[in-house]
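Working through the structure, step by step
Chain by chain, the residues run as shown.
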Amino acid sequence: MRDSRDAFTLLEVLMATFIVASVMMVVSYVFWQSLSIWEKGDRRLKMCQNARHGTDVMNREIRTAFISESNSCLFFKGDESILTFISACQKANMKGEYDLCELKYFLKGSHLRRTVKSHLDCRPGEGGSTAILASGILELVFSYHGGKRWHNSWDSTMGTPDDMGDDALPKMVKIRLKSQDEGGKENPLVLSSIIHIPGLG
């Protein structure tokens, strides 16, 4: 016959169950908190990568902008929301071969769009093929520096805002992007970039 002192009492069983349940609740809470923090970090990372991809492409192409005083088809025109200019672009399906093309950046809906026109026809902003450069963009703002101050617009065919007698590229272009995650769960992320255009005195 079994000694009653070797068995667990109901109180001991209840206490053990309570302790195990408490430990499981703490472990579960820590797990879900860790998962939530990871998801938040992942959303922020994707927002940053998405916006950074857009600014990287624009940086690279704006840096190679090209105008010509003798050819009005080679221009640089922009305001706060749209930028259209001539730059060197890689030829389609031709690795390592570049030619001049017209590029245009603008925001439509929540998409940063890039239009490429490989045939220069002196009709800025018309035609070309458009692709989405980045999604989840709430705001796109361009500013242009002529050497003395920042401007909201630039038109190389009309002279610089600082000197109407001189067709020129801006010395710098500032891009400001505001990005939002897909579900709108995170605060918007603002990225700003200043591009120095080389070759100017």
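Thresholds applied
Residues numbered from 1 in each chain as written. Predicted model: local features only at pLDDT ≥ 70, side-chain atom pairs only at ≥ 80, totals over all residues. Heavy atoms only, no water. Helix = DSSP H or I, 4+ residues; strand = E, 2+ residues; numbered from the N terminus. Buried < 20%, exposed > 50% of the residue type's maximum accessible area, 1.4 Å probe, protein only. Contact = heavy atoms within 4.5 Å. Pairing = 2+ DSSP bridges. UniProt positions renumbered as here; feature names shortened; annotations may be inferred. Disulfide = S-S within 2.5 Å. Phe/Tyr/Trp six-rings, centres within 6.5 Å; stacked < 30°, edge-to-face > 60°. Lys NZ or Arg CZ within 6 Å of the ring centre and 35° of its normal.

Turning next to the environment of Phe 106. Positionally, Phe 106 belongs in strand E3 (residues 98-108). On the basis of relative accessible area, Phe 106 is assigned to the buried category, the value being 15%. For Phe 106 and Ile 132, which are 26 residues apart along the polypeptide, the C-alpha to C-alpha distance reads 9.9 Å. With sequence-adjacent residues up to four places away left out, Phe 106 is seen in contact with Ser 81, Ile 82, His 111, Leu 112, Arg 113, Thr 115, Thr 130 and Leu 140.

Note that strand E6 (residues 137-145) and strand E9 (residues 172-179) share 8 bridges and pair antiparallel. If you follow Tyr 144 over to E9, its bridge partner there is Val 173. As defined by bridge partners, E9 adjoins strand E10 (residues 189-196) across 8 bridges and the pair is classed as antiparallel. Note that in E10 the partner of Ser 179 across the bridge is Leu 189.

Moving on, we get to the UniProt feature "transmembrane region" (unreviewed entry) in the protein. Following the UniProt record, the feature "transmembrane region" (unreviewed entry) maps to residues 7-32 here. This span, residues 7-32, is 88% helix and 0% strand, and a straight line between its end C-alpha atoms measures 37 Å.

This paragraph deals with the sheet that holds E10. Pairing is antiparallel across the open sheet formed by 4 strands, whose spatial order is E7-E6-E9-E10. The open sheet has two edge strands, strand E7 (150-151) and E10, and neither has a second partner.

What follows is about the sheet that holds strand E8 (residues 154-155). Picture the strands of a sheet paired through backbone hydrogen bonds; they go either parallel or antiparallel. With respect to topology, 6 strands assemble into an open sheet ordered E5-E4-E3-E2-E1-E8, the strand pairing being antiparallel. In the strand order of this sheet, the two ends are held by strand E5 (129-135) and E8, each with one partner. By the bridge criterion, 2 bridges tie strand E1 (residues 76-78) to E8 in an arrangement that is antiparallel. Pairing of Lys 77 across the sheet is with Asp 155, part of E8.

Turning our eyes to something else, we now look at the state of the cysteines. The final tally for this structure, using the stated rule, is 1 disulfide. Paired by a disulfide, Cys 89 and Cys 101 hold their sulfur atoms 1.8 Å apart. Here Cys 89 is found in strand E2 (residues 82-90), whereas its partner Cys 101 is found in strand E3, with 12 residues between them in sequence. By relative accessible area, Cys 89 is classed as buried at 9%.

Okay, the packing of aromatic side chains next. Per the stated rule, a full pass over the model turns up 4 aromatic pairs. Consider the rings of Phe 76 and Tyr 144, whose centres lie 6.2 Å apart with planes at 85°: the pair is edge-to-face. One end of the pair, Phe 76, is in strand E1; the other, Tyr 144, is in strand E6, with 68 residues separating them in the sequence. Taking relative accessible area as the criterion, Tyr 144 reaches 0% and is therefore assigned buried. When the centroid spacing of 5.8 Å and the interplanar angle of 45° are considered together, the rings of Phe 85 and Tyr 105 count as tilted. Of this pair, Phe 85 sits in strand E2 while Tyr 105 sits in strand E3; the two residues are 20 residues apart in sequence, bridging distant segments of the chain. In this structure, Lys 77 is placed above the aromatic ring of Phe 75, and the distance from its NZ or CZ to the ring centre is 5.6 Å.

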